[in-house]
Amino acid sequence: MHEAPPTPSPTSPAAPAEPLSHGLKQRHLTMLGLGGVIGAGLFVGSGAGIAVAGPAIVVSYLIAGALAMLVMRMLGEMSAAMPASGSFSVHAERALGRWAGFSVGWLYWFLLVVVLAVEATAAAQIAHGWVPGVEPWVWVLLFMVVFTVANLTAVKNFGEFEFWFASLKVGAIVVFLVLGGLAVFGLLPDTDPVGMTNLTGQGGFLPNGWSGVVSGVLTVVFAFGGLEVVTIAAAETDDPARAVGRAVRSAVVRILFFYVGSMLVIVTVLPWTAQQAGLSPYVKVLDAIGVPSAGQIMNIVVFVALLSALNANLYGSSRMIFSLAERGEAPRGLLKVSGGGAEKGGGSTGQAGGVPRRAVLASVAFGFVSVLLNLLWPDTVFLYMLNSVGAVLLFVWALIAASQLRLRARLEQEAPDALALRMWWFPYLTWVTLAGLLGVLLLMLTDDAARPQVLWSAGATALVLLVAVAREWRERKGPQVHERKPSALTGR
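Residues numbered from 1 in each chain as written. Predicted model: local features only at pLDDT ≥ 70, side-chain atom pairs only at ≥ 80, totals over all residues. Heavy atoms only, no water.

Caption draft 1: A look at the packing of helix α6 (residues 98-130) against helix α16 (residues 381-388). Closest axis-to-axis distance for the α6/α16 pair is 9 Å, and the angle between their directions is 135°. Between α6 and α16, the angle is such that the two are oblique. Both α6 and α16 take part in a crossing whose hand is left-handed. Every residue of α16 that contacts α6 at F110, V114, A117 and V118 is listed here: F382, M385, L386 and S388. Looking at side-chain class alone, the contact of α6 with α16 contains 7 nonpolar, 1 polar and no charged residues. (Axes fitted to C-alpha atoms, helices over the stretch in contact; angles between N-to-C directions. Helix = DSSP H or I, 4+ residues; strand = E, 2+ residues; numbered from the N terminus. Parallel < 35°, antiparallel > 145°, perpendicular 65-115°, else oblique. Left-handed = near helix turned anticlockwise from the far one by under 90°. Contact = heavy atoms within 4.5 Å. Nonpolar A, V, L, I, M, F, W, Y, C, P; charged D, E, K, R; others polar.)

Here's what the structure looks like:
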């Protein structure tokens, strides 16, 4: 099944865009789903969650992971029925209107290119520690050039990078779980069975009460961001509907297992009071069980995780802005697609064809600007930019849920056979998810550290919504063009 054509602009229907390559394989998509969400937020950021929730961080991850899993199930349902390179932006447009597709598309693009700067800078700092003679900005430049070239040449290059990056991250988690499990039962040399001591001591399983669990959720929920790229990438496989369904089914449960399993090992092997925000709890556990050079090993894993996220964000941002251009919501010049690999019918020979190079360059150009702002003014200009996207992921997830509520009913009427992957207990769990996301946002408003992110993100969202509404108002004032309501399945 090929990508559904975009909904045309009311004032100037867009000509069909050149087809993207179908160079991604099922193995690429599966590993992107598994590894795309395993990043520095887990390997390092989880220490902050343990510090506030104690052993109950396991519950915090279960709650945050359940929210992410439900959102991905909804997104998987829509993407399997209507594969599109713009994914949830296209779904939002068809479900709620052009304002929604425009807003969520541009917000997500802005989120990716800003976070890209954080990842590039953090990876450069690690590399600078290994090779002090090379300045961090040189490493940033090198990373950006390498991944820009990889994304410009062929989509299979992106897929191969992510396949091997994800394989290393998944392998590292599996080895950690095995070693940690052996340590818990005293099966490693010079270790004794740990038992339940660290889960029940130092204040018990809930040392800071349920408020600690809630604070833990606020700390860890954003670590699940990144799964959305799977549904964007699915449009560039030979069978998007089947590929995204398989990837979503396999990814969400396994990721929940990796996250919750890791946290359970960490708080069982060591007292939760041994963890500190900013320090990797994985390193502390590996040190405690006698793994030599644990810190350096984890540095390598974190370094790979950062480069993987950088690569995925560059890919996702380029496809999102390409999709916006397809629908007349971004400059049409971004629709230029490289030739050389497209077959008749929109397939790909696997060469360098079907790559939206101008969209890649536009995304990396803004990424470079973000990196410069991060290097020059990390505590002022860039901090404001980072805060302005701090809660955008939750807004995106909420729009995914709202879109699924509308589109599910339309799909059941127009194309029930397209619902190869269905949301559980619809519509009840969809409403529960929306309530959960609203609850997280309200809790962030009560938290002194998180409140600026919500307020700045709300301001950025309001600005984008204002632009979207102004565009629609201007077009309605222009020449009236009759437009038939597009089908939920085909967009025609």
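Having put the structure on the table, let's press on.
Caption draft 2: Spatial organisation of the packing of aromatic side chains. Enumeration according to the criterion identifies 19 aromatic pairs in this entry. Here F110 and F366 contribute two aromatic rings whose centre-to-centre distance is 6.0 Å and whose plane-to-plane angle is 70°, an arrangement assigned as edge-to-face. Pair noted here: F110 is in helix α6 and F366 is in helix α15 (residues 357-376), with a separation of 256 residues, a long-range link. Assessed through its relative accessible area of 21%, F110 is described here as partly exposed. Their ring planes at 65° and their centres at 5.4 Å tell us that F147 and F161 sit as a pair that is edge-to-face. On the criterion of sequence distance, the pair formed by F147 in helix α7 (residues 136-153) and F161 in helix α8 (residues 155-184) is long-range, its members being 14 residues apart. In this structure F147 comes out as buried when scored by relative accessible area, which is 3%. An aromatic cluster is built from F102, W106, W109, F110 and F366, whose rings are joined through pairwise contacts. (Phe/Tyr/Trp six-rings, centres within 6.5 Å; stacked < 30°, edge-to-face > 60°. Buried < 20%, exposed > 50% of the residue type's maximum accessible area, 1.4 Å probe, protein only.)

Caption draft 3: Examining the side chain of T148 more closely. Relative to the assigned elements, T148 resides in helix α7. When near neighbours in sequence (up to four residues on either side) are disregarded, T148 contacts L314, V360, L361 and V364.

Caption draft 4: Expanded view of the pattern of salt bridges. The full count for this structure, using the stated rule, is 9 salt bridges. Notably, a salt bridge pairs R27 with E160, separated by 2.4 Å at the nearest N-O pair. Here the residue R27 occupies a position in helix α1 (residues 26-35), and E160 occupies one in helix α8, the gap between them amounting to 133 residues. A relative accessible area of 38% means that R27 is categorised as partly exposed. Measuring nitrogen to oxygen at the nearest pair gives 3.8 Å for the salt bridge that ties R422 to E412. Taken together, the residues span a long stretch of sequence, with R422 in the loop between α17 (392-414) and α18 (428-446) and E412 in helix α17 at a distance of 10 residues. You can call R422 partly exposed: its relative accessible area is 37%. (Salt bridge = Lys/Arg side-chain N within 4 Å of Asp/Glu carboxyl O.)

Caption draft 5: Region of interest: the packing of helix α13 (residues 281-288) against helix α14 (residues 294-326). Two elements in contact, α13 and α14, have axes whose closest approach is 9 Å; the angle formed by their N-to-C orientations is 145°. Handedness of the crossing formed by α13 with α14: right-handed. Along the contact surface, α13 presents Y282, V283, L286 and D287, while α14 presents A294, G295 and M298. In terms of residue class, the contact of α13 with α14 is built from 5 nonpolar, 1 polar and 1 charged.

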